[in-house]
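Commentary on secondary and tertiary structure
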Amino acid sequence: MSATTEDEATGVRRAGRRPVTSRFEIEHIALEMFSEQGFDHTTVDDIAHAAGIGRRTFFRYYASKNDVAWGAFDEQLLAMRATFAALPPDVPILRGIRSAVRDFNRVEPPELPWHRRRLELILRTPALQAHSTLRYATWREVVADYVAIRTGEPADALIPQSVAHACLGVCIAAYERWLADDGSGLDELLCEVFDSLERGWGAADLG
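Quick summary incoming for the structure in this document. (Residues numbered from 1 in each chain as written. Predicted model: local features only at pLDDT ≥ 70, side-chain atom pairs only at ≥ 80, totals over all residues. Heavy atoms only, no water.)

The subject of this paragraph is the layout of surface pockets. Approximately 490 Å³ is the volume found for the largest pocket. In terms of lining residues, the largest pocket is bounded by 25 residues, among which W70, Q76, F104, H115 and R118 are the most central. Only α1 (23-37), α5 (73-86), α7 (112-124), α8 (129-151) and α9 (158-180) provide two or more residues apiece to the lining of the largest pocket. Of the residues assigned to the lining of the largest pocket, the class counts are 16 nonpolar, four polar and five charged. Considering only enclosed or pocket space, the second largest pocket measures out at about 210 Å³ in volume. What lines the second largest pocket is a set of 13 residues, among which N105, V107, L112, L186 and D187 lie closest to the centre. (1 Å grid on protein atoms, 1.4 Å probe; cavity = no way out; pocket = protein on both sides within 12 Å on 5 of 7 lines; lining within 4 Å. Points joined across faces, edges and corners; volume = space filled by probe spheres on them. Helix = DSSP H or I, 4+ residues; strand = E, 2+ residues; numbered from the N terminus. Nonpolar A, V, L, I, M, F, W, Y, C, P; charged D, E, K, R; others polar.)

Spelled out as structure tokens, the structure:
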């Protein structure tokens, strides 16, 4: 069924698809377009038009096209901080980070294909790499703050920063493996890499 929507830039009423009503819908439309025509060749106007919304509505949800790929990342980081705050103080640090990371990456089964598209876009789109670096830094900041609280060191000290970098590194390795192997499970891969991190690579049989 078609609907009449308003172009917010011009105020002109136009016929088209029903305007989307949620952030998830906008992201699904955008991810589909990125897959079909490429990230570089998809504009904000293209996404807004396909979603039946105006540019102003788009920018109420996202600061830029780059932010669509990351979805509700800022909200997820807030939830991650809450997870850390709720952990018992006697939980080993890396075990606590593993728990928070698993929660951070937990999505409902219907969203898994979209989560895969999202990660593939983030990890394999050159135009997103500078933006991704900023996002990675905010993720590491949350982890380093937790390590700092547990160790009594400043968050910018060597150990909290080293743990944050190491944890991000194993997460990215798990994401890459998940994208390369359709039969793998992301949660299982995250558990595997955190097992290795907790044991210590020096103690592992690496040949």
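Taking 1.5 Å of rise per residue, the 23 residues of α9 would be expected to cover 33 Å, and the 33 Å separating its terminal C-alpha atoms lies within 8% of that figure. Along α9, the residues classified as buried are P160, V163, A164, C167, L168, V170, C171, A174, Y175, W178 and L179. The inward-facing, buried residues of α9 contact α6 (93-104), α7, α8 and α10 (186-199). (Expected span 1.5 Å × (residues − 1). Buried < 20%, exposed > 50% of the residue type's maximum accessible area, 1.4 Å probe, protein only. Contact = heavy atoms within 4.5 Å.)

In total, this model carries eight aromatic pairs according to the counting rule given. Between W70 and F73, the aromatic rings sit 4.9 Å apart at their centres with planes inclined by 75 degrees, giving edge-to-face as the arrangement. Assessed through its relative accessible area of 7%, W70 is described here as buried. With relative accessibility at 4%, the residue F73 sits in the buried group. Judged by centre distance (5.8 Å) and plane angle (75 degrees), the ring pair of W70 and Y136 falls under edge-to-face. Of this pair, W70 sits in helix α4 (residues 65-70) while Y136 is found in helix α8, placing the two residues 66 residues apart along the sequence. Above the ring of F39, the side-chain terminus of K65 is found at 4.2 Å from the ring centroid. (Phe/Tyr/Trp six-rings, centres within 6.5 Å; stacked < 30°, edge-to-face > 60°. Lys NZ or Arg CZ within 6 Å of the ring centre and 35° of its normal.)

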